[in-house]
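Here is how the chains run, residue by residue.
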Amino acid sequence: MGHVKLGVNIDHVATLREARKEKNPDTVEAARVVYSSGGDLVVMHLRQDRRHIQDSDLERVRHEVKGLIHLEMAAVPEMEKIALRLRPDSVCLVPESSKEVTTQGGMKLDGKQADLARVIKNLSKAGIEVSVFADPDPKAIRAARNLGADAIELCTTKYSESWGKKLQAEELEQLAVAGHLVKELEMELHAGHGLDYYNVGPVARIEGMDCLNIGYSIISRAMFVGLKTAVSEMKRLIQ
Ligand code: PXP
């Protein structure tokens, strides 16, 4: 296993803050701890309904902390404009619906979506690395490549949900096969969603894995052991 980067999603720091609409817990402080504890990127999902991360979180982390920012967003004109203004280092395009509690699976891709291709092109032109959140499905991966994406983030939801069940080995195998294709297409390989301290190991060991994006399990653990320990423990597990 090479060096697998860890992207720490701090959405749920903002979820707690939004529960009171106060200043704490502060995402800038969280970002500082992430970077100083072995996190390689700070990940934020700016949702269209702004249920957790706000535009000001992105702005403040960008301007007040030194480090890589990875923005998850829907491929819509509003978000494209924000990304082009705030210049995160990388963007992951995700499907988004207002009723979902969390992202539901990868983007539906057929390689012919002109709108999506245009968003990818505009972000790339601005020097932002673009990944697409995709299910471990060869058709979706090839379509993302054809649309101009630099990287694929494999959706690990099904694998995570199958943990401890018979299906788990099959889901892991699908991720590994999909990962192989991503590398064959000379794209960066990312994975995430639903990963925790128990199920992360086999995904981190998939050949060619470049980066894992993890949020909920790290922020939950931070409640009891602190963010510094929660991040460094996860980092150690994926090395
Ligand atoms: N990757 C993507 C594309 C996501 O949308 C999310 C959730 O925002 C994550 C990773 C992190 O998922 P989790 O919070 O379950 O670790």
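Below, the structure is looked at part by part. This is a predicted model, so every value here is computed, not measured.

### Re the overall build of the chain
Assigned secondary structure in the chain consists of eleven helices and eight strands. A buried classification covers 51% of the 239 residues belonging to the chain. In the chain, the proportion of contacts linking residues at least 24 apart, taken out of those at least 6 apart, comes to 66%. The averaged location of the 35 negative side-chain charges in the chain is 2 Å from the averaged location of its 33 positive side-chain charges.

### So, the state of the cysteines
Considering all chains together, one arrives at zero disulfides under this definition. As a non-bridged cysteine, Cys92 has Cys155 as the owner of its nearest cysteine sulfur, 10 Å distant. Residue Cys155 is classed as buried on the basis of its relative accessible area of 6%.

### So, the site of the ligand
The environment of the ligand is formed by 15 residues, the closest being Thr103, Glu153, Gly194, Gly215 and Tyr216. Between the ligand and Glu153, the relevant distance is 2.5 Å, taken from a nitrogen atom to a side-chain nitrogen or oxygen of the residue. Interatomic distance of 2.8 Å between a backbone N/O atom of Gly194 and an oxygen atom of the ligand. Here the ligand, which alone exposes 400 Å², has 94% of that area covered by the protein.

### Some words on the nonpolar core
Formed by 70 residues in total, the largest nonpolar core has its most connected members in Met73, Leu93, Leu109, Leu123, Val203, Leu212 and Ile218. Those residues in contact with Leu109 that lie beyond four places of it in its chain are Leu116, Val132, Ala134, Ala140, Ala143, Ala144 and Leu147.

### What about helix α5 (residues 114-125)?
In this model, α5 (twelve residues) spans 16 Å end to end at C-alpha, consistent with the 16 Å of a helix rising 1.5 Å per residue. Of the residues making up α5, those classed as buried are Leu116, Val119, Ile120 and Leu123. For α5, the buried positions fall inside an angular range of 95° around the axis, keeping them on one side. Exposed residues lying more than 90 degrees from the buried face of α5 are Ala114, Lys121 and Lys125. Close packing links the buried residues of α5 with β3 (68-73), α4 (77-86), β4 (90-93) and β5 (129-134).

### With respect to the packing of helix α3 (residues 55-64) against α4
Orientation of α3 relative to α4, taken along the N-to-C sense of each, is 20°, at an axis distance of 11 Å. Taken together, α3 and α4 sit at an angle that is classed as roughly parallel. Note that α3 runs across α4; the crossing there is right-handed. Where α3 approaches α4, its residues Asp55, Leu58, Glu59, Arg62 and His63 are matched on the opposing element by Ile82, Arg85 and Leu86. For the contact of α3 with α4, the residue count by class is three nonpolar, one polar and four charged.

### Quick word on unusual backbone geometry
A cis amide bond, omega -5°, links Asn24 with the succeeding residue Pro25. Its location among the elements puts Pro25 in the loop between α1 (11-20) and α2 (27-36). Within the chain, Arg50 stands out as a residue other than glycine whose phi angle is a positive 50°. One can find Arg50 in the loop between β2 (41-45) and α3. With a relative accessible area of 17%, Arg50 lands in the buried category. If you check the backbone angles, Arg87 has positive phi at about 50° while not being a glycine. Secondary-structure assignment places Arg87 in the loop between α4 and β4. Given the relative accessible area of 42%, Arg87 is considered partly exposed.

Reading guide: rules and limits
- Residues numbered from 1 in each chain as written.
- Predicted model: local features only at pLDDT ≥ 70, side-chain atom pairs only at ≥ 80, totals over all residues.
- Heavy atoms only, no water.
- Helix = DSSP H or I, 4+ residues; strand = E, 2+ residues; numbered from the N terminus.
- Buried < 20%, exposed > 50% of the residue type's maximum accessible area, 1.4 Å probe, protein only.
- Contact = heavy atoms within 4.5 Å.
- Lys, Arg positive; Asp, Glu negative; His and termini not counted.
- Charge placed at Lys NZ, Arg CZ, Asp CG, Glu CD.
- Disulfide = S-S within 2.5 Å.
- Near = heavy atom within 4 Å.
- Polar contact = N/O pair within 3.5 Å; in protein donor to acceptor, adjacent residues only side chain to side chain.
- Areas by Shrake-Rupley, 256 points an atom, 1.4 Å probe, with all protein chains shown as cover.
- Core = buried A, V, L, I, M, F, W, Y, C linked by side-chain atoms within 4.5 Å.
- Expected span 1.5 Å × (residues − 1).
- Arc of directions from axis to C-beta.
- Axes fitted to C-alpha atoms, helices over the stretch in contact; angles between N-to-C directions.
- Parallel < 35°, antiparallel > 145°, perpendicular 65-115°, else oblique.
- Left-handed = near helix turned anticlockwise from the far one by under 90°.
- Nonpolar A, V, L, I, M, F, W, Y, C, P; charged D, E, K, R; others polar.

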